[in-house]
Number of protein chains: 4
Amino acid sequence: MKVSIVGATGYGGLELIRLLKNHPHFEIASLHTSSKFGRQIHEDNPHLRHLEYALEEIDPEKISKKSEIVFLATPSGVSAKLARAFYQLGVKIIDLSGDLRLKNPEEYEEWYKHSAAPVEVLDEAVYGLSEWNAKHIKQAKIVANPGCYPTATLLGLAPLYTEQWAEGKDVIVDAKSGVSGAGKSPSAGTHYSEINENLKIYKVHQHQHIPEIEQQLANWLQDSGPISFSTHLVPMTRGIMSTMYVKLRKRTTTKELLDLYKTVYEGHPFVRIQPQDAFPCTKQVYGSNFCDIGVAFDERTNKATIVSVIDNLMKGAAGQAVQNANILLGAEETAGLLNIPLYP
Amino acid sequence: MKVSIVGATGYGGLELIRLLKNHPHFEIASLHTSSKFGRQIHEDNPHLRHLEYALEEIDPEKISKKSEIVFLATPSGVSAKLARAFYQLGVKIIDLSGDLRLKNPEEYEEWYKHSAAPVEVLDEAVYGLSEWNAKHIKQAKIVANPGCYPTATLLGLAPLYTEQWAEGKDVIVDAKSGVSGAGKSPSAGTHYSEINENLKIYKVHQHQHIPEIEQQLANWLQDSGPISFSTHLVPMTRGIMSTMYVKLRKRTTTKELLDLYKTVYEGHPFVRIQPQDAFPCTKQVYGSNFCDIGVAFDERTNKATIVSVIDNLMKGAAGQAVQNANILLGAEETAGLLNIPLYP
Amino acid sequence: MKVSIVGATGYGGLELIRLLKNHPHFEIASLHTSSKFGRQIHEDNPHLRHLEYALEEIDPEKISKKSEIVFLATPSGVSAKLARAFYQLGVKIIDLSGDLRLKNPEEYEEWYKHSAAPVEVLDEAVYGLSEWNAKHIKQAKIVANPGCYPTATLLGLAPLYTEQWAEGKDVIVDAKSGVSGAGKSPSAGTHYSEINENLKIYKVHQHQHIPEIEQQLANWLQDSGPISFSTHLVPMTRGIMSTMYVKLRKRTTTKELLDLYKTVYEGHPFVRIQPQDAFPCTKQVYGSNFCDIGVAFDERTNKATIVSVIDNLMKGAAGQAVQNANILLGAEETAGLLNIPLYP
Amino acid sequence: MKVSIVGATGYGGLELIRLLKNHPHFEIASLHTSSKFGRQIHEDNPHLRHLEYALEEIDPEKISKKSEIVFLATPSGVSAKLARAFYQLGVKIIDLSGDLRLKNPEEYEEWYKHSAAPVEVLDEAVYGLSEWNAKHIKQAKIVANPGCYPTATLLGLAPLYTEQWAEGKDVIVDAKSGVSGAGKSPSAGTHYSEINENLKIYKVHQHQHIPEIEQQLANWLQDSGPISFSTHLVPMTRGIMSTMYVKLRKRTTTKELLDLYKTVYEGHPFVRIQPQDAFPCTKQVYGSNFCDIGVAFDERTNKATIVSVIDNLMKGAAGQAVQNANILLGAEETAGLLNIPLYP
């Protein structure tokens, strides 16, 4: 099946190329950007030196003649404008931006500070948290691929919420990310000498992924409340860790927690539950589509500590997008995604 | 005043040399280790190439003839044994290890897994959180220098606890540290290729700094409960950040929180409160004795988020030890400690 | 075809697992180590959590019944002892250590400081620089897989030597490596806090890869002399860069140099020659089997500057080993090796 | 003595503030930038939170009324324009840019690609390589502070050149730098995700520091020829290492080389010669004004390998500038500069 990538030169787009180039079922029909038309993708991306793809402009009509699926790896605000055209042309959309994730356009505009996508598009979009929404993804015309923080956080919280173990109040999510999540455009905040040997906290109480997480949590647990959510920038390129502190409705043990997580995620090859007393580190999923989760019950405070790690560009972006494309296609969800994490 | 350093070749000891060598009031009389007697300190520490100090064995009696203050920068378990000898010889002790911080020997043994120091020593030891205990430090014969995590955490929580704003329950402390906190001995857990481009969580619910923090919090607030405390290893050498989530007894605003912090820390030159909407990063205190604190009130969750950063080897170890020595001496507390953070 | 890996828990062995697990032609029959028999490989290597392989002891006879090829990813000194047994049992050997590379046992003992392999084994071993020795590798019973520095250096120098452009005297090779080349055992020299934010030079004039490089250069150019060779440790995990300064027999231009390199490496998919005025960085080959080379002629000094980069664990170790296994098998040399470099 | 800093918000300017704020002889009279007038220096530089200095515009006349020395820490091209004004007003100038270092204006324009400073200014400027030019610096009205690479390289080569041991031909300088040398402005080439876990070579044969080094070498040795000079970007913030390969006029030994270096640098407290078989790493001078040098003679190739390290922002910029100011003042050259390197 032929696919096109819009926004091919950003980190998300480049990761899609990495995955789709060697994919057993998909073939890259074309790469699109908002500039540099005619240049070869390898000219500014020397790691792709052996590949030949000319960059093309973003013309939905032309793309619709080449491809059945389009991956939108564009900055926030762009998909909101592009999605309708592809939708009307009958091209399936997998959107990696945040534009199509929030069902409520006002909420989008409050957190993202620009105009929301058309309501008909938002209504059609299926939230692409693969492990929890495969049934709808399979039928979708538009997949709103989850954000990196929401993926790590929701996969970590899902068993406690869907099984009604969580109290749903006073949940703390302390999230940490590598710098590639900030994208490819240089800025003072991503300048090497400012980031190296430095740990920062940013967007305190204001990260646009908060409503995305809360929207999904509310689907799982009726009286789910607001979460405390902080994001930190860690001096590394790839990786996200969410450390989550959850009050439970009943006392439990680490053993019981583990049993719950293993049961819930049985049959989901990309979620790997750690053995007791072992917690995951980000490097153990580096370059892969895995989400590794460790859990412990703290008897002193009567809270569960849940730790979830992903590669933000893989399970947190391009990897999950390809997983969703596999589901759309009706193929094995692991197709093209079973590479082993790069270690060390 | 002459001082000696025991454990001079570890990271804490080397940082003491850096500070004391150019200190206006102290002179290094001798350096001591448990091995390598007779070797020059610069032989295994090329950054000290221009200095001449022979390493000597640890003989309290001899040391007592040279020095009025001894800094113990030894691993946990060693000070518990050495402290009594120095105490009986009338040498003032500033202990950087965790051995003399917990008043309750059983608690020590539960968390540290080896024998506690003699009760008479523990009774005599004054907890050296300089900003909050100067009155007692001034008179002390033994100063138990706080741990790195407790320093960042307690300075961050103190205004909310001492002023009775905190509920004292359900406090979450999500702490992150650079790798130098693990000391100078190589191990699988500090091997470069394992740590670089990696973020780890460790000692979940089990860090030995938990009882130290809770002991002090209970001094400040009557019904203070257990805290949730997690520690993460960040791929950087120096720096600690504590991100703290605190439920308050009343609704407030970020502005009011800031006023509280500024008032409480007025006249304390090493604690710098950030302006509104600015949060500290670890690099802004690199190599210095500052503790920088940022605060915000989250109206959605009705909790305060407090962020506190220090250099773990400075305010979290050697810097605070020298600050305590200044206080002991009756000198200006900033003597020898006003170097500007190394940036970038 | 079934293969076994001896030394499966080191960085070279783990990288072999990563490559062979998803290889179209090879199947991992067994993993062997000198300890930890019976443990699952994933127990100490959480990135492999989804794999099931029990570690087995090193018994050549048993291995010979399971596998046609054995990869030896053992420390220097071990292959010298093991190789004969496998050879006599008719198992083909691909040895990643330095033990079988030097034809002259005295030279080996001078540089490696322990006993050389038996002469019959050394005589049988074929030097596995894939691009330059495929004809012999195809027939080999033992392949001595090249070292990481020699691979980067020899691929960079080969066109100038084989085509007799180099003077062969006064060649300077200034090589730089990431830390994973030092292996998985922790030591003071690989302790995170010592390596991070640090650049070191090591083994000046004494690196054991010097005779390996000179042996091959002498095969290519009659009056090839000793090289100046320095190795530096760079604060990163993966990657090698060799910067080489070569006096030529005639004046030339960068354009002519480029033409030479492109011609020589035509048909060699893993060697990618940079366009004029572009030099490779290590990240552009991260996690891949590529060797990227840039060249320039310096008219001021009449010397060529050649820059060659590889991933030390891939083209510098496991990747080239699999490439050689492909050649041995008579398969496409790129089988299982065409993954795109991980970027960023 | 009062001093002003022009270009106070760049990395060089900030490092000057760090050094001059606690200097025994100098007092910062004012800070100047080309923008942000009226803002406090701490507003955009939180590590300086405790300091109060308003940024002022660059008005040489006003500055001349406040200060006797002005430090120009401005980008290349700016000093060329500013220097004459200060010179004519009788303010002593220490210029950290490259604008006043090359005596030949055409050479400057060839390598720097913009207009050279007025000839009268160039004629007046004294090259501020402190250890080798103190006699002239003492009398100077304008000091052209050396570049970071030239400082490391020239201090390393000086004994071989001034004592006529070097052949002066075929010298190779393979230099490596941390990223702070690229300054504070973000760009694609200093974006964290591009630099981290990456090693780059840049400006091959074209670095503007080449003529600066050759100009000084020619002063020391009559038939000194062009050098091969390469610069690499290492994933760290601070530090420069020059690895130098020098053909000598006679065979020698490492011991004799060491004796030469020790003799030449006796009485120069900032140059520390390593013991035999020990080579310096960049971290051992971190944050300090030291230049550490290691040497070895390679009997196989008959060349000397010289390794020299500095902190590029200290001895390579602000530190040497303050050293030169000390010399100008007639003070101890080490005043305010004897802080111990930050380690680890």
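Residues numbered from 1 in each chain as written. Chains lettered and ligands numbered in written order. Predicted model: local features only at pLDDT ≥ 70, side-chain atom pairs only at ≥ 80, totals over all residues. Heavy atoms only, no water.

Per an unreviewed UniProt entry, the recorded name for chain A is N-acetyl-gamma-glutamyl-phosphate reductase, and the organism is Peribacillus cavernae. UniProt's Catalytic activity (unreviewed entry) comment on chain A is quoted here verbatim: "N-acetyl-L-glutamate 5-semialdehyde + phosphate + NADP(+) = N-acetyl-L-glutamyl 5-phosphate + NADPH + H(+)". Within the UniProt record for chain A, the comment given under Sequence similarities (unreviewed entry) is "Belongs to the NAGSA dehydrogenase family. Type 1 subfamily." (UniProt positions renumbered as here; feature names shortened; annotations may be inferred.)

(A) Quick peek at the pattern of salt bridges. As enumerated under the stated definition, the model contains 76 salt bridges over all chains in all. Residue Asp174 of chain A is joined to Lys176 of chain B by a salt bridge in which the shortest nitrogen-to-oxygen separation is 3.0 Å. With Asp174 of chain A in strand 8 (residues 172-177) and Lys176 of chain B in strand 8 (residues 172-177), the pair connects residues from two separate chains. For the pair Asp174 of chain A and Lys176 of chain B, one class covers both residues: buried. The residue Arg238 of chain A makes a salt bridge to Asp311 of chain A at a minimum N-O spacing of 3.0 Å. Note that Arg238 of chain A is positioned in the loop between strand 10 (228-233) and strand 11 (240-247) and Asp311 of chain A in the loop between strand 14 (303-310) and helix 11 (314-329), a separation of 73 residues in sequence. (Salt bridge = Lys/Arg side-chain N within 4 Å of Asp/Glu carboxyl O. Helix = DSSP H or I, 4+ residues; strand = E, 2+ residues; numbered from the N terminus. Buried < 20%, exposed > 50% of the residue type's maximum accessible area, 1.4 Å probe, protein only.)

(B) Inspection of empty space enclosed by the protein at higher detail. Counted under the stated rule, the structure contains 1 cavity of 30 Å³ or more. Along the walls of the largest cavity sit 13 residues, with Asn196 of chain A, Tyr192 and Asn196 of chain B, Asn196 of chain C together with Asn196 of chain D positioned nearest its centre. Grouping the constituent residues of the lining of the largest cavity by class yields 8 nonpolar, 4 polar and 1 charged. (1 Å grid on protein atoms, 1.4 Å probe; cavity = no way out; pocket = protein on both sides within 12 Å on 5 of 7 lines; lining within 4 Å. Points joined across faces, edges and corners; volume = space filled by probe spheres on them. Nonpolar A, V, L, I, M, F, W, Y, C, P; charged D, E, K, R; others polar.)

(C) Representation of the relation of the copies chain D and chain A. Relative to chain A, chain D is turned by 180° and slid 0.0 Å along the rotation axis, the superposed coordinates differing by an RMSD of 0.0 Å. Those values place the two copies in the arrangement expected of a two-fold rotation axis. The position closest to the rotation axis in chain D is occupied by the C-alpha of Tyr192 of chain D, lying 2.1 Å away. A high fraction, 100%, of the interface residues of chain D reappear at the interface in chain A, so the copies pair face to face through one surface. (Least-squares fit on C-alpha atoms with pLDDT ≥ 70 in both. Contact = heavy atoms within 4.5 Å.)

(D) The domain arrangement of chain A, seen in detail. Residues and elements named next belong to chain A. Domains assigned within chain A are domain 1 (2-127) and domain 2 (149-312). Counting from both sides, the interface comprises 14 residues of domain 1 and, opposite them, 17 residues of domain 2. Between domain 1 and domain 2 lies a buried interface of about 1,300 Å² when both sides are counted; carbon and sulfur atoms form 52% of it. When the buried surface of domain 1 facing domain 2 is broken down by residue, Tyr11, Trp111 and Tyr127 rank first, second and third, together holding 49% of it. In this structure, Arg101 and Glu212 form a salt bridge, with 2.9 Å as the shortest nitrogen-oxygen distance. Summed over the shared surface of domain 1 and domain 2, the number is 8 residue pairs in polar contact (both at pLDDT 80 or more). Mapped onto the side of domain 1 that touches domain 2, the elements with two or more residues apiece are helix 1 (11-21) and helix 4 (105-112). Tallying contributions element by element places helix 1 first for the side of domain 1 that touches domain 2, with 4 residues. Looking at the side of domain 1 that touches domain 2, its residues break down into 6 nonpolar, 3 polar and 5 charged. (Domains from an automatic or database assignment. Buried area = accessible area lost by both parts, 1.4 Å probe. Polar contact = N/O pair within 3.5 Å; in protein donor to acceptor, adjacent residues only side chain to side chain.)

(E) Region of interest: the interface of chain B and chain A. Every contact between the two is made by 48 residues of chain B and, on the other side, 48 residues of chain A. In this assembly, chain B packs against chain A so that about 4,100 Å² is buried in total across both faces, 55% of it on carbon and sulfur atoms. Among the residues of chain B in contact with chain A, Glu197, Leu199 and Arg300 of chain B are the three that bury the most area, contributing 19% of the side total. Our enumeration of links across chain B and chain A arrives at 8 salt bridges.

(F) Structural context of the side chain of Lys247 of chain D. Relative to the helices and strands, Lys247 of chain D resides in strand 11 (residues 240-247). A polar side-chain atom of Lys247 of chain D sits 3.0 Å from a polar atom in the side chain of Asp170 of chain C.

(G) Looking closely at the pairing of strand 13 (residues 291-298) of chain A. Residues and elements named next belong to chain A. Here strand 13 lies mainly inside the structure; 8 of its 8 residues are buried. Here strand 12 (residues 271-273) pairs with strand 13 via 3 bridges, running parallel. Of the residues in strand 13, the one forming a bridge with Ile273 is Ile293. The sheet contact formed by strand 13 and strand 14 spans 7 bridges and is antiparallel. Among the inter-strand pairings, Val295 is bridged to a residue of strand 14, identified as Ile306. The antiparallel hairpin formed by strand 13 and strand 14 contains 4 residues in its connecting segment, where Asn302 sits at a positive phi of about 60°. (Pairing = 2+ DSSP bridges.)

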